[in-house]
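Letter by letter, the chains look like this.
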Amino acid sequence: MKDEKIASNYELEYWRDHKGEEYKRAKVMLNMFSDLKKHKIVADVGCGPLSGIFHDVSFTRMFAIDPLWDKYKNDNLIVLPNGVEKIKSTGQNFILEEKADLIVSFNALDHSGNLKKSIDNIMNNLSEEGRFCFHLHMRTKEQLNEGHQMLITERIVDDILKSYKVISKTIGPDPFAKNDSYLEAKKYLSYVAEVRHAT
């Protein structure tokens, strides 16, 4: 599976060294968008071994989607709250048993093999009135590396989102950088958006 091959070594190395960062990031995530806590069926795509957002808020049903669950287990990295349902899959391929009214993805889609397929599949798993809130790093050709092999610009993401309704969009410094010891994150501009189905 291409996404897993791209993410595997890079992601495992990150989580071994920065496991505690996800708790700090969850606070930032919840402040990036309004009223996230009101939702009932929530999925976190590319969540890593902690899925930090579920440590701060308990929802009626919680899906943690990541292709590396087996590897996280082998490295004893998984720390999930009770009630979280793990789905071993990529953003391109997961299928939820029931559509979510909120799907989040933070610093994950830029690690995938195909950004458009991931976003389109996420929207297919979103309820009619649901919200998709995401953050990703944009990268120039000079900034590509083993774990980030996709050229991502504002225009590329804008083009993918044309089929949907963009509620909000911010381009700027990484919102996690102040709380994250992962210095690489400070080098990249971030694309942060809330998206819904077009009406």
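Note that this is a predicted model, so its numbers are computed, not measured. (Residues numbered from 1 in each chain as written. Predicted model: local features only at pLDDT ≥ 70, side-chain atom pairs only at ≥ 80, totals over all residues. Heavy atoms only, no water.)

Topic: unusual backbone geometry
For step 1, the next point in the chain: One non-glycine residue, Asn-76, adopts positive backbone phi at about 55 degrees.
For step 2, the next point in the chain: Mapping Asn-76 onto the fold places it in the loop between α4 (69–74) and β3 (84–88).
For step 3, the next point in the chain: A relative accessible area of 64% places Asn-76 in the exposed class.
For step 4, the next point in the chain: The phi dihedral of Asn-107 falls on the positive side, at around 55 degrees, and the residue is not glycine.
For step 5, the next point in the chain: Mapped onto the elements of the fold, Asn-107 is located in the loop between β4 (100–106) and α5 (115–124). (Helix = DSSP H or I, 4+ residues; strand = E, 2+ residues; numbered from the N terminus. Buried < 20%, exposed > 50% of the residue type's maximum accessible area, 1.4 Å probe, protein only.)

Here we look at the nonpolar core
Soluble globular proteins tend to bury their nonpolar side chains together.
For step 1, the next point in the chain: If you look at the biggest cluster of nonpolar residues, it comprises 29 residues, and the most contacted ones within it are Leu-115, Ile-119, Phe-132, Phe-134 and Leu-136.
For step 2, the next point in the chain: Of all the elements in the fold, those that place two or more residues in this core are β1 (41–45), β2 (61–66), β4, α5, β5 (126–137), α6 (154–160) and β7 (189–196).
For step 3, the next point in the chain: Among all residues touching Leu-115, those that are not within four sequence positions of it are Leu-109, Leu-136, Met-150, Ile-152, Val-157 and Ile-160. (Core = buried A, V, L, I, M, F, W, Y, C linked by side-chain atoms within 4.5 Å. Contact = heavy atoms within 4.5 Å.)

Regarding the environment of Glu-98
For step 1, the next point in the chain: Along the chain, the position of Glu-98 falls in the loop between β3 and β4.
For step 2, the next point in the chain: Remark: the alpha-carbon pair of Glu-98 and Ser-127, spanning 29 residues in sequence, is separated by 8.5 Å.
For step 3, the next point in the chain: Residues within four places of Glu-98 in sequence aside, it is in contact with Ile-41, Arg-61 and Phe-63.
For step 4, the next point in the chain: Here Arg-61 takes part through its side chain, which lies 2.9 Å from a polar atom of the side chain of Glu-98. (Polar contact = N/O pair within 3.5 Å; in protein donor to acceptor, adjacent residues only side chain to side chain.)

With respect to the pairing of β3
For step 1, the next point in the chain: Across 5 bridges, the pairing between β2 and β3 is parallel. When the bridges of β3 are listed, Phe-63 appears paired with Glu-85.
For step 2, the next point in the chain: In this fold, the crossover linking β2 to β3 by way of α4 has right-handed handedness. (Pairing = 2+ DSSP bridges. Right-handed = clockwise from strand over helix to strand, strands pointing away.)

What about the pattern of salt bridges?
For step 1, the next point in the chain: What the rule picks out here adds up to 11 salt bridges.
For step 2, the next point in the chain: A salt bridge links Lys-169 to Glu-154, with the shortest nitrogen-to-oxygen separation between them at 2.7 Å. Placement of Lys-169 in strand β6 (residues 165–173) and of Glu-154 in helix α6 is noted, with a sequence separation of 15 residues between them.
For step 3, the next point in the chain: Since its relative accessible area comes to 35%, Lys-169 is described here as partly exposed.
For step 4, the next point in the chain: Of the residues examined, Glu-154 reaches a relative accessible area of 34% and is grouped as partly exposed.
For step 5, the next point in the chain: Salt-bridge contacts for Asp-159 lead to Lys-162; the nearest nitrogen and oxygen are separated by 3.3 Å.
For step 6, the next point in the chain: On the basis of relative accessibility, which here comes to 37%, the residue Asp-159 falls in the partly exposed class.
For step 7, the next point in the chain: If you follow the salt bridges from partner to partner, you end up with Arg-61, Glu-85, Glu-97 and Glu-98 in one network. (Salt bridge = Lys/Arg side-chain N within 4 Å of Asp/Glu carboxyl O.)

Let's talk about the side chain of Ser-190
For step 1, the next point in the chain: Here Ser-190 lies in strand β7.
For step 2, the next point in the chain: Of the residues examined, Ser-190 reaches a relative accessible area of 1% and is grouped as buried.
For step 3, the next point in the chain: Among the polar contacts listed, one links the side chain of Ser-190 to the side chain of His-135, at a separation of 3.1 Å.
For step 4, the next point in the chain: The contacts of Ser-190, once residues within four sequence positions are left out, are His-135, Leu-136, His-137, Met-138, Thr-170, Ile-171, Gly-172, Pro-173, Asp-174 and Pro-175.

Side note on the confidence of the model for the chain
For step 1, the next point in the chain: When pLDDT is averaged along the chain, the result is 84, and 79% of the positions lie at 70 or above.
For step 2, the next point in the chain: Predicted confidence in the chain is weakest over helix α1 (residues 2–18), with a mean pLDDT of 58, and strongest over α5, with 97. (pLDDT = per-residue confidence, 0-100.)

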